[in-house]
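Survey of secondary and tertiary structure
The chain contents come next:
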Amino acid sequence: MPDPAAREKEQCWRRRTGLEKKLIFGASALGVFALILLLVFYFQKSCDEPQEECNTKSCVKAAAEILEFVDLKADPCHNFYKFACGSFVKNAVKKDNPSPWESTRTLFENEMKALVVDPISVNDTNTHISMKKFYRECMNTTKIEDDENETFMNALNELGGWPMINGSDWKGSDFNWAEWYIKAKKMGLPALGLFHFTKLSPGILRVGGPNLEVVHYNSKKTFRKLMRGISEAFSASEDSDDYNQLFKLVDTFYDHRYELHTMFDDDDEHEIDDDEEQEANDDDDDDDAEETTEPKTIANLTEICPNVPWLHILNNISGNSSQFDDSSKVFYSNSLMEKYCLKLDSLLKDVKPEVFANFYIWTIITNAHKYMTKDVRRVYEDIESEESDRFQVCYDSIDESFKYVKETVYIRRKTFPKVRNDLFEMIRIIKELFIERLKKCDWMDETSRAKAIKKAKAIEHMVGADDFLYDVEKFDRILGFDNFNFTSDNIFKMYMELLLKQDHTFFAKLDEDDEDDWPSFFDNAVEVNAFFLPSANAMIIPAPILTSIFYNWKFPAFMNYGAMGSTVGHELTHGFTQSSREFEGEDWWTNTTEERYTKKIKCIIDEYESIPFRYRLNGTMTLEENIADFVGADVGYEAYKTWVNIHSPEKKLAGVPLTPEQIYWVQTATNFCFRKLDDNSVDYEEKDEHGIPAFRVQGPARHSLHFAEAFNCPVGSFMNPKEKCVIL
């Protein structure tokens, strides 16, 4: 039996007019459509949540930096270099900035200067404060002029006076060259001794003649002019016999400067005035070549040079009265030492004491004139064409007096724990991805592959420096500034205190091993670059490159991985190209691997050499750098995606119509943006082992496995060729 309710509904529908039926159908359809839109909006919002815009202060700054480079009107699938660098190139001349590398180097130099010239801060270490105080007092020329060299003259009076000033009042009978030198060194005065001491190896002191490098001038005429100027500055008498004898003594030292300076050193860079002196020195070298190179003792040295109180001198200037005895190890040349000691004995007998005293004092002035009055400084500026800009003088003096201090502070501040931990994670991720690539590498046979993986796992890395540099107390001792504080704000006294500390530190560390080559370490540690050391199988990320476009710990990871991640991948790749074939003392490439590699790399050579340019490009010369660029960009991208999986997707940058993935690729390019400003400016398109900037940007992206997807570049477009050159 039919349902009455159903029959009623059917009759009701039949009674509807055609218009009513259409309206009902339309309303129903609109309802369904609205529901669909609501669902789409809901799911779209849910999918887009990680892509919400970031408008924090750091993100705004990051966005502004990106917009300084990109030309959003350019087609990234047609010309990615123009897209990534268009705005930078357009404004390069106006901003006087040919390349981000140049601006990064300039920023680094300015940051280093700021560490010296900025006011003292509560965050400064004790040594950093001392460095700033020294600079501040060096710059205070008004205070230096007010002193009128009184501090210097008081120090000389404590020593026994200055014959050229005191004249007949100077007591020559009281002068003893050894005691005078000891007292000067104990006071911290920079007197040039008749001998100088350096460290040969732990526990072995190298003994040499006077270190004439600090008073090495081109001619006797220059000597005389300089000394006459000093005499005038101090109103000393030029007519005395002592003054003329002083010239003769200086001439004597000058005549033998080469022999004395190189007596025990390996430095042969000093010029010789005439052939006879050169031949004489060649003869000395021949004689010395027959001698043993084994260290000797102070007792042996005393036999050759009996008139020099060796133990008395060393135990006094070292600050340790019992550090040396007759059995202490020393190194010197028998023949040269014997000749020099005979010459010295003759000089000490023939030359009046006041002449030696005048010579000593003249060397003090030569070393300390930067901290004396303007009339003294001007003599040296005129003779030596010295820098007269006071800032530069005082800034350079920091490098001399506080060696490596500002570099150490810079490294610590740029690579604090947050930065190091972030970069350690980045390197770890990239190394793991790199190993996976090695496992799939089609040009390595199994033998080479196994050794390559072993090599990759063994790669060491350093960000900023090793851990010991971050131990302030320990590293201050390494640099020789432990427990050091100035007791005066007079620049001349401060200089004396520094020299005394340096002398005592030298002797205190004589027996210690010198495992680290600090000059080389700091040369590399403050370079605006990153590099791979094949000999050490290590990758280094110096602090200065963690600046500007390369890395900013406050910026999103897609920016840091694009710039620094691709750089890390680049440097790691250098460990696996042909120039790094040696590992653990053997060549890890087999003949088969080499043959396959030669075939594999042909595509990248051909690609580079096919570029129309103002000269023919050499794809072989730039091969290894181009390979590193290709691999680095791709593995860096994969590392970023791995980072996202570990952490979380990142927000877009407000005001920048690009996805994080697209900005990653822009960041692989920005440090290569370049425009030559004029004929005299730097040119990054000159021939060298690196590819031209445009290729370094487009080559890796064009042959990437990921770039085209990020920018939706159609297959066959310039930036997404059908055939890609993939090396690793």
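Reference entry: report on the structure contained in this document.

Calculation rules
Residues numbered from 1 in each chain as written. Predicted model: local features only at pLDDT ≥ 70, side-chain atom pairs only at ≥ 80, totals over all residues. Heavy atoms only, no water. Phe/Tyr/Trp six-rings, centres within 6.5 Å; stacked < 30°, edge-to-face > 60°. Helix = DSSP H or I, 4+ residues; strand = E, 2+ residues; numbered from the N terminus. Buried < 20%, exposed > 50% of the residue type's maximum accessible area, 1.4 Å probe, protein only. Disulfide = S-S within 2.5 Å. Contact = heavy atoms within 4.5 Å. Pairing = 2+ DSSP bridges. Lys, Arg positive; Asp, Glu negative; His and termini not counted. Salt bridge = Lys/Arg side-chain N within 4 Å of Asp/Glu carboxyl O. Polar contact = N/O pair within 3.5 Å; in protein donor to acceptor, adjacent residues only side chain to side chain. Axes fitted to C-alpha atoms, helices over the stretch in contact; angles between N-to-C directions. Parallel < 35°, antiparallel > 145°, perpendicular 65-115°, else oblique. Nonpolar A, V, L, I, M, F, W, Y, C, P; charged D, E, K, R; others polar.

**Some details on the packing of aromatic side chains**
- One pass over the structure, following the stated rule, counts 55 aromatic pairs.
- Measuring from centroid to centroid gives 5.1 Å for Trp162 and Phe234, while their planes differ by 70°, and the two rings are edge-to-face. Of this pair, Trp162 sits in the loop between α8 (150–159) and α9 (163–166) while Phe234 is found in the loop between α11 (220–233) and α12 (241–255), placing the two residues 72 residues apart along the sequence. Of the two residues examined, Trp162 and Phe234, each falls in the buried class.
- Ring geometry for Phe481 and Phe484: centres 6.3 Å apart, planes at 65°, overall edge-to-face. An identical accessibility class is assigned to Phe481 and Phe484; each is buried.
- Here the aromatic cluster, defined as three or more aromatic residues joined through ring pairs, consists of Phe80, Phe83, Tyr637, Tyr664, Trp665, Phe707 and Phe711.

**Here we look at the state of the cysteines**
- Scanning the entire structure with this criterion turns up six disulfides.
- Disulfide pairing is shown between Cys54 and Cys59; the S-S distance is 2.0 Å. Here Cys54 and Cys59 share a disulfide; its torsion about the S-S bond, 85°, makes the bridge right-handed.
- For Cys138, the disulfide goes to Cys394, at an S-S distance of 2.1 Å. One quick way to see it: the torsion about the S-S bond of Cys138 and Cys394 is about -85°, and its sign makes the bridge left-handed. A residue pair is termed long-range when its members are at least 10 positions apart, and Cys138 in helix α6 (residues 126–139) and Cys394 in helix α20 (residues 390–401) qualify at 256 residues.
- Residue class for Cys138 comes out buried when judged on its relative accessible area of 0%.
- Under the relative-accessibility criterion, Cys394 is labelled buried at 0%.
- Should the bonded cysteines of the protein be numbered as they appear in the sequence, the pairing reads 1-2, 3-11, 4-10, 5-8, 6-7, 9-12.

**Brief notes about unusual backbone geometry**
- Phi at Glu584 takes a positive value of approximately 55°, unusual for a residue other than glycine.
- Among the secondary structure elements, Glu584 is positioned in the loop between β9 (582–583) and β10 (586–587).
- Since its relative accessible area comes to 54%, Glu584 is described here as exposed.
- The backbone phi angle of Asn712 is positive, close to 55°, even though this residue is not glycine.

**Description of the environment of Leu301**
- Along the polypeptide, Leu301 turns up in helix α15 (residues 298–304).
- Residue classification places Leu301 among the buried positions, given a relative accessible area of 1%.
- For the pair Leu301 and Val330, spaced 29 residues apart in sequence, the C-alpha to C-alpha distance is 8.1 Å.
- Beyond its immediate stretch of four places on either side in the chain, Leu301 contacts Val207, Trp310, Tyr332 and Met337.

**So, the sheet that holds strand β4 (residues 296–297)**
- The four strands lie next to each other as β2-β3-β5-β4, forming an open sheet whose pairing is mixed. Among the strands making up the open sheet, the edge pair consists of β2 (196–201) and β4.
- Bridge count between β2 and strand β3 (residues 204–208): five bridges; the pairing is antiparallel. Paired with Phe197 across the strands is Val207, a residue of β3.

**Side note on the side chain of Asp476**
- By the element assignment, Asp476 lies in helix α24 (residues 472–479).
- Of the side chains with opposite charge, Arg412 comes closest to the buried, unpaired Asp476, at an N-O distance of 4.8 Å.
- Separated by 2.9 Å, the side chains of Asp476 and Thr127 make a polar contact.
- Once residues within four sequence positions are removed from consideration, Asp476 is found in contact with Thr127, Phe481 and Asp482.

**Here's the deal with the sheet that holds strand β8 (residues 538–541)**
- Here three strands make up an open sheet; going across it, the order is β6-β8-β7 and the pairing mixed. Whereas interior strands pair on both sides, the edge strands pair on one side only; in this sheet they are β6 (460–463) and β7 (531–533). Put simply, the sheet's adjacent strands are angled 20° from each other on average, direction ignored.
- Pairing of β6 with β8, which is carried by four bridges, proceeds in the parallel orientation.

**A few points about the packing of helix α29 (residues 602–609) against helix α30 (residues 623–646)**
- For the pair α29 and α30, the least separation of the axes is 10 Å and the interaxial angle reads 105°. Judged by the inter-axis angle, α29 sits roughly perpendicular to α30. Residues Ile604, Ile605 and Tyr608 of α29 lie in contact with α30, whose contacting residues are Leu623, Asn626, Ile627 and Phe630.
- In terms of residue class, the contact of α29 with α30 is built from six nonpolar, one polar and no charged.

**Description of helix α21 (residues 405–414)**
- Burial analysis of α21 places nine of its 10 residues in the buried class, the great majority of the element.
- In this structure, the buried residues of α21 make contact with α5 (100–117), α6, α20, α22 (417–440), α24 and α26 (518–525).

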